[in-house]
Amino acid sequence: MAIFYNEEFETLPRPALEALQLTRLKNTLERVYATVPFYRASFRRSGVVPGDLKTLEELQRFPFTTKKDMRDSYPYGLFAVPLREIVRIHASSGTTGKPTVVGYTGEDIHVWSELMARSFVAAGAHKGDIIHNAYGYGLFTGGLGAHYGAERLGASVIPISGGNTKRQIMIMQDFGSTVLTCTPSYSLYMAEEARSEGVDFRKLRLRVGIFGAEPWSEAMRGEIESKLNLDAIDIYGLSEIMGPGVAIECIQAKHGLHLWEDHFIPEIINPETGELLPAGATGELVITTITKQGIPLIRYRTRDVTSLNYEPCICGRTHVRIARMSGRSDDMIIIRGVNVFPSQIESVLVGIEGVEPHYLLIVDRHDNLDTLEVQVEVDEQIFSDEIKVLQSLARRIEKEIKEMLGVTCKAKLVEPRTIQRSEGKATRVVDKRKL
Ligand code: DLL
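A look at the pairing of strand β8 (residues 243–249)
Inference 1: The buried fraction of β8 amounts to 7 of the 7 residues, a majority that puts the element mostly inside the structure.
Inference 2: Between strand β7 (residues 231–238) and β8, which pair antiparallel and follow one another directly, the connecting turn spans 4 residues.
Inference 3: Across 3 bridges, β8 lies against strand β9 (residues 257–259) in antiparallel orientation. When the sheet's bridge partners are listed, A247 is paired in β9 with L259.

This is the structure in structure tokens:
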């Protein structure tokens, strides 16, 4: 079985890879400077022009781009091509009610599909596989990203999307699925459901699982591999940069995720100071896209915490490996695959009369499903009201959060002044999940 999808590019010797990166980076800088007013202004503020870049190291002279910049340009302000060139639009949660919007040209979709096809092959999948794609289809990039990659590979893709777990298990059994793509927590939930349905995963044909979109751990890999009887592979991506397939582990080493460096340049910075850190150090991942047309991003601060490993890998790929994500440098949490910022919940709460701006989010995991409890103080008067009033207020909070953010939560109203105050940064999230 082929172990590469695009051997030439996946195994480019580093000097050739860096020469290619430099050419592509120069083109990208020129293009965004000419077409996106935001970059023209931000480069000017930093006193740089694209022509200043002669080496890859000089990228650090250019300013960062942040999620806030994307929000301030909502919806299309950072697009580098006219809207009529955009063939697909995706979005993910922003820090306020508005999502972060990304657009793809036909060429962007072509590249994304190739990188996902490469990722499938790195994970040990190939033409002939039956790929059970339980990532959500929709504005989220997981479903369609994996779908196009699977088709490009020539595999048979089952576009089942998320939910309706009993049916998922029946289809996996009856259709003979060999590869499973979903979030790691959903895979464990499937295993539980299967057990209660009397279905034995060892009798299924599943061989590989490609799991990402949320943090997980080596311990969880062990659990998934034994419960689902497959090789569990970590895949990373984010909508701003592309979607799934920015980086993936190879099945040979399962040690670090190869980041496709002919399309992306990674850097690691100190999230507090923005200072560039040396290879091997742990810090915030910053990514520059060097082939994207629709919405190229220069030094995008992902907020994901990892490190870079340039040592050669036993699989033969020359692309740098990023360590499994160890957390985020902001307060974003991922609940059942949905990205949630405490500030989004806060903006829902402040819009509701009788609710105080003191709240705590308790995140936990029961039976492999994430749960969210929103504890919030209500004013004296409401608290002394009848239980019916309190209950209907709690239901209203739950409904508004569901409508705004797409997450199901349980609201718990508490007495005034019971949530602990802080003298510095307030603690808004208690994450009890043991990954
Ligand atoms: O989660 C894209 C994706 C889909 C990746 C399917 C992998 C598989 P967003 O919704 O924009 O995009 O969320 C991106 O999710 O910044 C990380 O914080 C987190 N994340 C994604 N993959 C991993 C992973 C998709 N393997 C945000 N490990 C990122 C840990 C991950 N965190």
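Let us keep going from here.
Quick notes on a nonpolar patch on the surface
Inference 1: On the surface, Y76, L83 and I89 cluster together to form a nonpolar patch covering roughly 250 Å² of accessible area.
Inference 2: Y76 gets classed as partly exposed once you look at its relative accessible area, which sits at 36%.

Section: the sheet that holds strand β11 (residues 283–289)
Inference 1: Overall, antiparallel pairing links the 4 strands, which are arranged β10-β11-β12-β15 in an open sheet. What marks the edges here is a single partner per strand, and that holds for β10 (264–269) and β15 (327–328).
Inference 2: Across 2 bridges, the pairing between strand β12 (residues 300–306) and β15 is antiparallel. Its bridge partner lying in β15, V305 is registered against G327.

Looking at empty space enclosed by the protein
Inference 1: Taken as a whole and judged by the stated rule, the model has 2 cavities of 30 Å³ or more.
Inference 2: In terms of residues, the lining of the largest cavity owes the most to one element, helix α5 (residues 106–122), which gives 4 residues.
Inference 3: The class makeup of the residues in the lining of the largest cavity is 7 nonpolar, 2 polar and 2 charged.
Inference 4: Volume-wise, the second largest cavity comes out at about 30 Å³.
Inference 5: Taken together, M70, S73, Y74, P75, G77, L78, V101 and I295 form the lining of the second largest cavity.
Inference 6: Classifying every residue of the lining of the second largest cavity gives 6 nonpolar, 2 polar and no charged.

Examining the domain arrangement of the protein chain
How big an interface is tends to be reported as the loss of accessible area on association of its parts.
Inference 1: Each assigned domain of the protein chain is listed here: domain 1 (1–330) and domain 2 (333–431).
Inference 2: A separation of 31 Å is found between the C-alpha centroids of domain 1 and domain 2.
Inference 3: Counting from both sides, the interface comprises 15 residues of domain 1 and, opposite them, 12 residues of domain 2.
Inference 4: Between domain 1 and domain 2 lies a buried interface of about 1,200 Å² when both sides are counted; carbon and sulfur atoms form 55% of it.
Inference 5: Counting every contact that joins domain 1 to domain 2 gives 0 salt bridges.
Inference 6: Along the contact surface separating domain 1 from domain 2 lie 1 residue pair in polar contact (both at pLDDT 80 or more).
Inference 7: When residues in the side of domain 1 that touches domain 2 are grouped by element, the largest group, 4 residues, is from helix α8 (residues 184–196).

Looking at helix α3 (residues 37–46)
One turn of an α-helix holds 3.6 residues; hence residues three or four places apart share an orientation.
Inference 1: Taken as a whole, α3 has its buried residues at F38, Y39, S42 and F43. Along the long axis of α3, the arc covered by the buried residues comes to 120 degrees, so they all point the same way. Opposite the packed face of α3, turned more than 90 degrees from it, sit the exposed residues P37, R44 and R45.
Inference 2: Looking at the packing, one finds that the buried side of α3 touches α2 (14–35) and α4 (67–72).
Inference 3: Within two residues after α3, G47 carries a phi angle of roughly 70 degrees, on the positive side.

How each quantity is defined
- Residues numbered from 1 in each chain as written.
- Predicted model: local features only at pLDDT ≥ 70, side-chain atom pairs only at ≥ 80, totals over all residues.
- Heavy atoms only, no water.
- Buried < 20%, exposed > 50% of the residue type's maximum accessible area, 1.4 Å probe, protein only.
- Helix = DSSP H or I, 4+ residues; strand = E, 2+ residues; numbered from the N terminus.
- Pairing = 2+ DSSP bridges.
- Patch = residues over 30% accessible without salt bridge, like charges linked within 9 Å, V, L, I, M, F, W, Y side chains within 5 Å.
- Areas by Shrake-Rupley, 256 points an atom, 1.4 Å probe, with all protein chains shown as cover.
- Salt bridge = Lys/Arg side-chain N within 4 Å of Asp/Glu carboxyl O.
- 1 Å grid on protein atoms, 1.4 Å probe; cavity = no way out; pocket = protein on both sides within 12 Å on 5 of 7 lines; lining within 4 Å.
- Points joined across faces, edges and corners; volume = space filled by probe spheres on them.
- Nonpolar A, V, L, I, M, F, W, Y, C, P; charged D, E, K, R; others polar.
- Domains from an automatic or database assignment.
- Contact = heavy atoms within 4.5 Å.
- Buried area = accessible area lost by both parts, 1.4 Å probe.
- Polar contact = N/O pair within 3.5 Å; in protein donor to acceptor, adjacent residues only side chain to side chain.
- Arc of directions from axis to C-beta.

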